[in-house]
Amino acid sequence: MSIFIDRNTRVIVQGVTGGEGSFWTRHMIEIGTKVVAGVTPGKEGLVVAADAHSAIPGFQGLSVYHTVRRAVAAHPADAAMLFVPPRFTKDAVYEALDAGIRKIVTIADGIPLHEAMQIRAAARSCGARVIGGNTSGVISPGQAMMGMFPYWIERVYKPGRVGVMTRSGSLTNEVTSMIVSGGFGVSSLIGVGGDPVPGTRFAELLPEFQADPDTDAVVIIGELGGTMEEEVADALASGFFTKPLVAFIGGRHAPAGKRMGHAGAIVSGGRGSALDKIAALRDAGALVAEKPRLVGECLRQAIASRNLESF
Amino acid sequence: MKLFEYQAKEVFAKAGLTVPRGEVVTDAEGASKAAATLGFPCVLKSQVLRGGRGKAGLIRLAGDAQGAFEIAERLFASPYGVCKILVEEAVDIAKEIYLSVTVDAASSKALLLACAEGGVEIEELARTAPGKIIREYIDLDEGFSPFHARNLACGLGVEGELSKKFAAAVESLYKVFRSQDAELAEINPLFITKTGDLIAGDGKLSIDDNSMFRHVEWEPGRDYFESELDFEASKEGIPYLQFDGDISLMCAGAGLTTTVYDLIVDAGGTVANYLEFGGPNYRKSLRAMELCVRNRPKVILIVTFGTIARADIMAKGIVEAIETLKPACPIVVCIRGTGEDEAAETLRAAGLDPLSDTEEAVGRAVALSRADAYASPRRGAGASAKGRGGAA
């Protein structure tokens, strides 16, 4: 198993005919994702990725539709992957929600702030989950992905039993390679994205990792700014999440007053420095790795101490 | 993008908020003329984007035209890069309050903050007396409703005729927040005058960078930035921060660059500049390296682990940049991700020693920045390109 996406998730791709869309859709298919149809307004009738190796028997390429509604009428789907420019992302998310899709991933980097707020509000109001923007997406290594991951780099994207949540792209590759070199692999990796208002927040994914029998521990890759890491600490402290949790937090030495890292640092009532986050997580029982290299060691410790407790 | 006070106040005034009478001047002569027109006493407010202007002596009261002239001369000559001064009438203040609209990410709503104690920094207040801050949330699609303002007014103890003016001010500020795609619209302090009027004593308006395409009227000029390099990087769309240490960072990804910064400080090194050339900028190696070189760093440290930003293309760009710019300092490279094998080959062919471990790269860069690397370049251990690495 995994969270959010697995072998059986049926995915449509909005923006399937663009440069990034067509390149990464092919990779999504090749890793094993059940991509069922594509959407690009004005391009209905095209068939794309016909030569990709799909897990779907008799796959002969993706039919492209003008609208999500027409695509899902012909190809029932659970999830929508958006390769749509930031200015059109709100519209594309609303279109997917309107067509009944409840899992959406958007990689768009540069969604206007107020539109990001509207996207999150709309998703919450209908019980949907939007992941992103400004993210590489979601991957369950060895099974499926929605987004853009160099999954063929085995020292990063090895299947396993550690769940990962992250705000970063490059740093995720860095830290995940340390999870793998520490002897572990990844069950599901969710890039919530680096924007100030991500569609989904870290703590909102904890129940799914908690319920996933194939996730033994969770690593969060955070950084200064915002309050998502503090919310994870709150969830740990409340006893609501009980699996071992390891964190790496970037920005320990970021000088005050400089806007370093993603654009996440907005007024949050005195919370939000990397050191505040590290203290909150440690107080709540998480292990915090000071350097990416130490994440594997922290995982070993966290899992070992949990096993001792169970005796 | 942060606007200057005078710009924020122009926007506020157009939205129906009352601001003090004032004039923007660019020299001391202008300041004394403006002061004479406005009457005395008047306030001279340096237009810089840094906080704490009062403490830094950048806001001064003038009692006559000669005084205004002299104060303006001193402010223009200050080390804070003052290009404009806002000369304003002094307001007869009975009370100062705080009012702002910002973004609450968790609820994904606009957050109105008010406090009966204005003039204090809200972050400071949030730490020391969080109970004194009154909060009100607005769903963007539902929009402002008068009850939002009534809730704030009740919390502040604002009553009677003043509460109506206050409600209008709240609605106007929210309108500014929405129409300007703001991250923050803040009035601190909001004066309550002895005659019972509300006047915006200060104005902060910060516009979301991702929405700038809708706000082309705000073109950030040189005076928005602390340094020439900050300004040039911004024009290129390259995230850049100026420091004064030894190692120039040329990294990809906000999270990774921030982490490399941490690792350098941990290892006892210092940073000359923070620079990201990942994501959409991964073809801008030349421009990125040029910015680094102009800092005359002791080492340039390149660390990436990209997905969309393809390692092979970045490696080619870096080699071309080195050939064009011929930097005098050693370069440490650690480029991984999509296309990494080809990238390593390209770098080796150019005489560089590509590393694959971030901490090793940081360690090497710090060692090079401390050792007198210029006098005795260590081939193999160092990573200078072929034919260079001599005396700087």
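Bear in mind that the values here come from a model prediction, so they are computed numbers and not experimental data. (Residues numbered from 1 in each chain as written. Chains lettered and ligands numbered in written order. Predicted model: local features only at pLDDT ≥ 70, side-chain atom pairs only at ≥ 80, totals over all residues.)

Caption draft 1: Quick peek at the packing of helix H8 (residues 254–266) of chain B against helix H12 (residues 358–370) of chain B. Residue and element names in this part refer to chain B. One can describe the packing of H8 onto H12 by two numbers: an axis separation of 10 Å at closest approach and a directional angle of 50 degrees. Taken together, the axes of H8 and H12 lie oblique to each other. As for the relative orientation of H8 and H12, their crossing is right-handed in sense. Seen from H8, the contacting residues are Val260, Leu263 and Ile264; seen from H12, they are Thr358, Glu359, Val362 and Val366. Considering only residue class, the contact of H8 with H12 consists of five nonpolar, one polar and one charged. (Axes fitted to C-alpha atoms, helices over the stretch in contact; angles between N-to-C directions. Helix = DSSP H or I, 4+ residues; strand = E, 2+ residues; numbered from the N terminus. Parallel < 35°, antiparallel > 145°, perpendicular 65-115°, else oblique. Left-handed = near helix turned anticlockwise from the far one by under 90°. Contact = placed C-beta atoms within 7 Å. Nonpolar A, V, L, I, M, F, W, Y, C, P; charged D, E, K, R; others polar.)

Caption draft 2: Quick look at the domain arrangement of chain A. All names here are of chain A. Taken domain by domain, chain A consists of domain 1 (10–132) and domain 2 (153–310). Contacts between the two partners involve 11 residues from domain 1, matched on the other side by nine residues from domain 2. A breakdown of the residues in the side of domain 1 that touches domain 2 according to their chemical character gives eight nonpolar, one polar and two charged. (Domains from an automatic or database assignment.)

Caption draft 3: Region of interest: the sheet that holds strand S12 (residues 217–223) of chain A. Residues and elements named next belong to chain A. Spatially, seven strands are ordered S9-S8-S11-S10-S12-S13-S14 in an open sheet, and the strand pairing comes out mixed. Sheet topology places strand S9 (144–147) and strand S14 (287–289) at the edges, where each strand pairs with a single neighbour. For this sheet the average axis-to-axis angle between neighbouring strands, irrespective of direction, equals 20 degrees. Looking at chain direction, strand S10 (residues 159–166) and S12 are connected through five bridges and run parallel. Among the inter-strand pairings, Thr166 is bridged to a residue of S12, identified as Ile221. Sitting on the sheet, helix H6 (residues 202–211) is in contact with S10, strand S11 (186–191) and S12, with an inclination near 160 degrees to S10. (Pairing = 2+ DSSP bridges.)

Caption draft 4: Focus on the interface of chain B and chain A. Contacts between the two partners involve 46 residues from chain B, matched on the other side by 46 residues from chain A. When residues of the side of chain B that touches chain A are traced back to their parent elements, those giving at least two are strand S5 (93–104), helix H4 (122–128), H8, strand S14 (299–306), strand S15 (331–337) and H12 of chain B. Broken down by element, the residue count for the side of chain B that touches chain A peaks at nine residues, all from H8(B). In the side of chain B that touches chain A, the residues fall into 18 nonpolar, 16 polar and 12 charged.

Caption draft 5: View of the sheet that holds S14(B). Residue and element names in this part refer to chain B. Pairing within the open sheet is mixed, and its five strands lie in the order S11-S13-S12-S14-S15. Looking at which strands have only one partner, the edges of the open sheet turn out to be strand S11 (240–242) and S15. Pairs of neighbouring strands in the sheet enclose a mean axial angle of 15 degrees, with direction left out of account. Against the sheet, H12 touches strand S12 (247–251), S14 and S15, its axis set at about 170 degrees to S14.

Caption draft 6: Structural context of helix H4 (residues 113–125) of chain A. Taking 1.5 Å as the rise per residue, H4(A) with 13 residues should run 18 Å; its terminal C-alpha atoms sit 19 Å apart, in good agreement. For H4(A), the complete set of buried residues consists of A:Leu113, A:His114, A:Glu115, A:Ala116, A:Met117, A:Gln118, A:Ile119, A:Arg120 and A:Ala123. Buried positions along H4(A) lie against helix H3 (89–98) and strand S7 (129–132) of chain A together with S5, helix H6 (160–179) and strand S8 (182–193) of chain B. Backbone geometry just downstream of H4(A) places A:Gly127 in the positive-phi region, at approximately 65 degrees. (Expected span 1.5 Å × (residues − 1). Buried ≥ 20, exposed ≤ 12 C-beta atoms within 10 Å, placed from the backbone.)

Caption draft 7: Region of the structure containing the domain arrangement of chain B. Entries for chain B in the domain assignment read domain 1 (21–89), domain 2 (93–214) and domain 3 (237–370). For domain 2 of chain B and domain 3 of chain B, the distance between their C-alpha centroids amounts to 43 Å.

Caption draft 8: Local environment of the pairing of strand S1 (residues 10–14) of chain A. All names here are of chain A. With four of five residues buried, S1 is to be regarded as a mostly interior element. Relative to strand S2 (residues 34–39), S1 runs parallel, the two being bridged by five bridges. Note that in S2 the partner of Val11 across the bridge is Val35. A crossover connection joins S1 to the parallel S2 through helix H1 (residues 19–31); in handedness this β-α-β unit is right-handed. (Right-handed = clockwise from strand over helix to strand, strands pointing away.)

Caption draft 9: The arrangement of helix H11 (residues 340–349) of chain B in detail. Residues and elements named next belong to chain B. All buried positions along H11 are accounted for by Glu340, Ala343, Ala344, Thr346 and Leu347. Seen end-on, H11 carries its buried residues on one side only, within an arc spanning 160 degrees. For H11, the exposed residues lying more than 90 degrees away from the buried face are Asp341, Arg348 and Ala349. Those residues of H11 that are buried lie in contact with helix H10 (311–325) and S15. With its phi angle positive at about 90 degrees, Gly351 sits one or two positions after the end of H11. (Arc of directions from axis to C-beta.)

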